[in-house]
Amino acid sequence: MSFKPRILIAEDESGIADTLQYVLKSDGFIPVWCATAEEAIAQFALEPPALAILDIGLPDLNGFELFKRLQALNQSMGGPEVPMVFLTARSDEIDRVVGLELGADDYIAKPFSPRELVARVRTILRRSARNGQNAGNASNASPAASASIHGAPHQIAPQAPPAAPQTPAMPFLLDNERMQIRYYGRLLELSRYEYGLLRLLVQRPGRVFTRDELLQLVWDDASDSFDRTVDAHIKTLRAKLKAIAPDVEPIRTLRGTGYALNEELPAKAS
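What follows concerns the pattern of salt bridges. Pairs can form between side chains of opposite charge once their charged atoms are near each other. This model, assessed by the stated rule, comprises 13 salt bridges. For Arg-192, the salt bridge goes to Glu-81, with nearest N and O atoms at 3.4 Å. Of the two residues, Arg-192 sits in helix α6 (residues 192-203) while Glu-81 sits in the loop between α3 (63-77) and β4 (84-89), which places them 111 residues apart along the sequence. Note that Glu-194 is salt-bridged to Lys-240, the shortest N-O span being 2.6 Å. Of this pair, Glu-194 sits in helix α6 while Lys-240 sits in helix α8 (residues 227-244), and the two are 46 residues apart along the sequence. Linked through salt bridges whose partners overlap, the residues forming this network are Glu-11, Asp-55 and Lys-110.

Next comes the structure, spelled out in structure tokens:
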């Protein structure tokens, strides 16, 4: 018997909600529509979904606050981490940046392509399933078998080869055990994907990583639809680094190619 992943939708516009429900149901998911944040919290508490899609402009609570409350509820229930995606207006770049900084798995801009939405949902669920399996392997030290999270089928994907060890660039100090990075002596407040991106760049100064490589090594899935997500995370990383050292440009962009960490960084911030 095959199980259908349950997708929670928090969206107050009925037209958008109808489209979301239709495309998700047509692709084998069980959509659960909530027009308010209060209803979304109640449905989440009743049965945590495989994934949640949250509109930012809900009538009773903004999507960012709902995200925080659902995260807290998820942790209190002790179940697997539920991935969450924000719905944002295409013009509201600040919404996308804030959502990614909070730790959302992705954003979907309105108006959205139904096929792209379903592709993103499936990609996030595969990644979430692999991450859960990898965590289990680390704690149990036993061979992994096929598993599922909230009914989402999952297959084990090969791990990307680790980067060759090199001395990190001077202004950066990596603490892999605590998953922390200091920049010119100051601790950076990073989301999990920001940490993964910066750690990769810092370990290989000067090495150019394409967007596809960053997707594979940090998100564990090389999907073209996530190119904008990489760019958005690099943008938030640059803002955090610039807040500490305004005159230093540690991350270089190679147009049409990808990103690299500048090999010639000053020892002290001015």
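Negative charge collects at one region of the surface, where Asp-12, Glu-13, Glu-38, Glu-39 and Asp-60 lie side by side. Among the structural elements, Glu-38 can be located in helix α2 (residues 37-46). Assessed through its relative accessible area of 63%, Glu-38 is described here as exposed.

Attention now goes to the nonpolar core. Counting residues in hydrophobic clusters, the biggest one holds 29 residues, and the most contacted among them are Phe-172, Tyr-183, Leu-198 and Ile-251. Take this core: its biggest share by element is 7 residues, from α6. Sequence-distant contacts of Ile-251, defined by excluding residues within four places in its chain, comprise Leu-201, Ile-234, Leu-237, Arg-238, Leu-241, Tyr-259, Ala-260 and Leu-261.

Let's shift gears to the confidence of the model for the chain. Interpretation of the predicted coordinates at a detailed level should be avoided for regions scoring low in pLDDT. Confidence along the chain averages 79 in pLDDT terms, with 77% of residues attaining 70 or more. Low confidence marks residues 141-169, where pLDDT is under 50. Its contacts with residues over four positions away, or in another chain, come to 56 contacts.

All right, on to the sheet that holds strand β3 (residues 51-55) then. One open sheet holds the 5 strands; their spatial order is β2-β1-β3-β4-β5, and the pairing between them is parallel. The open sheet terminates on both sides in strands that have one partner only, identified here as β2 (30-34) and β5 (106-110). For this sheet, the mean inter-axis angle between neighbouring strands, taken without regard to orientation, is 20°. As judged from the 5 bridges shared by strand β1 (residues 6-10) and β2, these two strands associate in the parallel manner. Among the inter-strand pairings, Arg-6 is bridged to a residue of β2, identified as Ile-30. Its contacts with the sheet place helix α1 (residues 14-26) against β1, β2, β3, β4 and β5, and it is angled at close to 165° to β2.

Here we come to the pairing of strand β13 (residues 258-261). Taking every second residue as pointing to the same face, both faces of β13 are buried, with Gly-258 and Ala-260 on one and Tyr-259 and Leu-261 on the other. When strand β11 (residues 209-210) meets β13, the two strands line up antiparallel, connected through 2 bridges. When the sheet's bridge partners are listed, Phe-209 is paired in β13 with Tyr-259. Relative to β13, strand β12 (residues 251-254) is paired through 4 bridges, and the arrangement is antiparallel. Within the sheet, the bridge partner assigned to Thr-253 lies in β13 and is Tyr-259. Between β12 and β13, which pair antiparallel and follow one another directly, the connecting turn spans 3 residues, one of which, Gly-256, has a positive phi of 80°.

Across the sheet, 3 strands lie side by side as β11-β13-β12; this open sheet has antiparallel pairing. Both edges of this open sheet fall to β11 and β12, since each of them pairs with a single strand only. Contacts from α6 reach β11, β12 and β13 within the one sheet, and its direction differs from that of β13 by about 60°.

Quick notes on the rules
- Residues numbered from 1 in each chain as written.
- Predicted model: local features only at pLDDT ≥ 70, side-chain atom pairs only at ≥ 80, totals over all residues.
- Heavy atoms only, no water.
- Salt bridge = Lys/Arg side-chain N within 4 Å of Asp/Glu carboxyl O.
- Helix = DSSP H or I, 4+ residues; strand = E, 2+ residues; numbered from the N terminus.
- Patch = residues over 30% accessible without salt bridge, like charges linked within 9 Å, V, L, I, M, F, W, Y side chains within 5 Å.
- Areas by Shrake-Rupley, 256 points an atom, 1.4 Å probe, with all protein chains shown as cover.
- Lys, Arg positive; Asp, Glu negative; His and termini not counted.
- Charge placed at Lys NZ, Arg CZ, Asp CG, Glu CD.
- Buried < 20%, exposed > 50% of the residue type's maximum accessible area, 1.4 Å probe, protein only.
- Core = buried A, V, L, I, M, F, W, Y, C linked by side-chain atoms within 4.5 Å.
- Contact = heavy atoms within 4.5 Å.
- pLDDT = per-residue confidence, 0-100.
- Pairing = 2+ DSSP bridges.
- Axes fitted to C-alpha atoms, helices over the stretch in contact; angles between N-to-C directions.

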